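# Examination of the molecular architecture
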Protein chains: 2
Amino acid sequence: MNETGHDIADALGLLLRRTTRAHLYSLLTEGLGEAVDELTYPVFSGLARTGPCSAADLGREVGLDRSTITRRADRLEHAGLLRREPDPADGRATLLALTDEGQGLVAATRRRLADHIEGSLASWPQEEARTFARLLRRFVDEGLLAAGEPEHPAAPGQGRRGAVDAGR
Amino acid sequence: MNETGHDIADALGLLLRRTTRAHLYSLLTEGLGEAVDELTYPVFSGLARTGPCSAADLGREVGLDRSTITRRADRLEHAGLLRREPDPADGRATLLALTDEGQGLVAATRRRLADHIEGSLASWPQEEARTFARLLRRFVDEGLLAAGEPEHPAAPGQGRRGAVDAGR
DNA sequence: AGATTAGCGTGCGCCGAACACGCTTCGTAC
DNA sequence: GTACGAAGCGTGTTCGGCGCACGCTAATCT
């Protein structure tokens, strides 16, 4: 009998619990000041991944509305971690970019998370840890998201809201 | 250089995105009626795991306030999926329990999720899938949650938002 | 140059979640 | 046996985040 599906489903259920997310984010953002918390960190981290980009693009990246991005960016900007600058190629666009301080902070935070994770599997054989990392990445990239998320198609332009608020 | 920590961190970041959770839950609860959605499903599923228990205990389990549990239980009760019964051992306590219909539905939902997951990694070699399931389970059980738990000393008086009180 | 389109910031309404109150019931002390 | 503190539940209230709609500016097409 193939039980892998159930095993993964159970683990995923635990992983997606609100408390797990809250724990992880509170661990990450502990002592980083009021500006960086569970809410702003995804913007923070996403911006570090994409590099300077517009609020709309960043919204696509992290799955949030432009207005939400704007609000969170306000907080980060006020804390000196994020900078708004006009797009030299497009006068109406505003680029969001991390300041040097912001980049340093996000790098330190990413390292903190990575260290925490490595510490949590310190007892694992090295090879199993690497295997796990590889399989998890593949699972996230190919498996789950591909099936559940349209992601890339820039065609619909506006309405990517599909299943999120379905049933309302 | 050991990059496993960063790899896992990145994958985890994607996994914990709101959209991922929303997509997964909407997929799960699609066509199950108005009572079961992203909001009520954690209560639903958690109750199936714990068996009949009080609202407070279930709140501890899923990391939500008692009042929230009560409201969601109302919806499930109204839909005939959940039953309230007085605790025979304690007159002031109210036990939440799934009805037969509720149990059947949660079982079907779990199977649906498992099938979806298995489908998403259909192209994987059988052995790798099983390995991944085993490692993921271990990672969730031993690694992450265990390390993130010692967050207890939270002052109730403070309006702290992420008052994470992971039972389990 | 005018019209259309794309993009951003902001006010507004909705909804979920925690907090505070009142009521009932259990346990214990006198 | 009675009275008092503690525990638990349900409900009203408040707070905050999020998406949507509006108005404006700038770029692109005809």
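Residues numbered from 1 in each chain as written. Chains lettered and ligands numbered in written order. Predicted model: local features only at pLDDT ≥ 70, side-chain atom pairs only at ≥ 80, totals over all residues. Heavy atoms only, no water.

### Observations concerning the confidence of the model for chain A
On average, residues of chain A carry a pLDDT of 79, and 83% of them reach 70 or more. Element-level mean pLDDT values for chain A span from 79 in helix α2 (residues 18–29) of chain A up to 92 in helix α5 (residues 66–78) of chain A. (pLDDT = per-residue confidence, 0-100. Helix = DSSP H or I, 4+ residues; strand = E, 2+ residues; numbered from the N terminus.)

### Notes on the environment of L81 of chain B
Residues and elements named next belong to chain B. Here L81 shows up in the loop between α5 (66–78) and β2 (82–87). As a C-alpha pair, L81 and F44 span 37 residues in sequence and 8.7 Å in three-dimensional space. Each residue touching L81, except ones within four places of it in the same chain, is listed here: V36, F44, L76, L98, T99, E101, G102 and L105. (Contact = heavy atoms within 4.5 Å.)

### Here we look at the interface of chain A and chain B
In this assembly, 68 residues from chain A lie in contact with 67 residues from chain B. Summing both partners gives a buried area of about 7000 Å² for chain A against chain B, and 66% of it is carried by carbon and sulfur. Linking chain A with chain B are eight salt bridges. Among the salt bridges present, the one from E128 of chain A reaches R138 of chain B, with a minimum N-O distance of 2.5 Å. Listing elements by their share of the side of chain A that touches chain B, those giving two or more residues are α1 (4–15), α2, α4 (55–62), α6 (100–120) and α7 (126–148) of chain A. In terms of residue count, the dominant contributor to the side of chain A that touches chain B is α7 of chain A (21 residues). Residue classes in the side of chain A that touches chain B are distributed as 30 nonpolar, 16 polar and 22 charged. (Buried area = accessible area lost by both parts, 1.4 Å probe. Salt bridge = Lys/Arg side-chain N within 4 Å of Asp/Glu carboxyl O. Nonpolar A, V, L, I, M, F, W, Y, C, P; charged D, E, K, R; others polar.)

### What to know about the protein's contact with DNA strand C
In the vicinity of DNA strand C, 19 residues are found, and the nearest of them are S54, R84 and R92 of chain A together with D65 and R72 of chain B. Taking all atoms of DNA strand C within 4 Å of the protein, the share assigned to sugar and phosphate is 67%. Within the side chain of S67 of chain B, a nitrogen or oxygen atom sits 3.3 Å from a base nitrogen of DNA strand C. Those elements that place two or more of their residues in the surface near DNA strand C are α4, α5 and β2 (90–98) of chain A together with α5 and β3 (90–98) of chain B. Here the surface near DNA strand C gets four residues from one element, more than from any other, and that element is α5 of chain B. Partitioned by chemical class, the residues of the surface near DNA strand C number three nonpolar, seven polar and nine charged. (Near = heavy atom within 4 Å. Polar contact = N/O pair within 3.5 Å; in protein donor to acceptor, adjacent residues only side chain to side chain.)

### A short note on the relation of the copies chain A and chain B
Superposing chain A onto chain B takes a rotation of 178 degrees combined with a translation of 0.3 Å along the rotation axis, leaving an RMSD of 0.4 Å. Viewed as a symmetry operation, the transformation between the two copies matches a two-fold axis. (Least-squares fit on C-alpha atoms with pLDDT ≥ 70 in both.)

### A closer look at the sheet that holds β3 of chain B
Residue and element names in this part refer to chain B. Taken in spatial order, the three strands make up an open sheet running β1-β3-β2, and their pairing is antiparallel. Two strands in the sheet have a free side with no partner beyond their single neighbour: β1 (53–54) and β2. In the sheet, β1 pairs with β3 via two bridges, with the strands oriented antiparallel. Looking across to β3, one finds that C53 is bridged to L96. Lying on the sheet, helix α3 (residues 40–50) is in contact with β1, β2 and β3; it crosses β3 at an angle near 105 degrees. Packed on one face of the sheet, α5 meets β2 and β3 and runs near 120 degrees to β2. (Pairing = 2+ DSSP bridges. Axes fitted to C-alpha atoms, helices over the stretch in contact; angles between N-to-C directions.)

### A few points about the pairing of β2 of chain B
Residue and element names in this part refer to chain B. Two strands pair when backbone bridges link them, and β2 and β3 are joined in this way by six bridges, in the antiparallel orientation. Opposite E85, over in β3, you have L95 as the bridge partner. If you look at the hairpin formed by β2 and β3, you'll find two residues sitting between the two strands.

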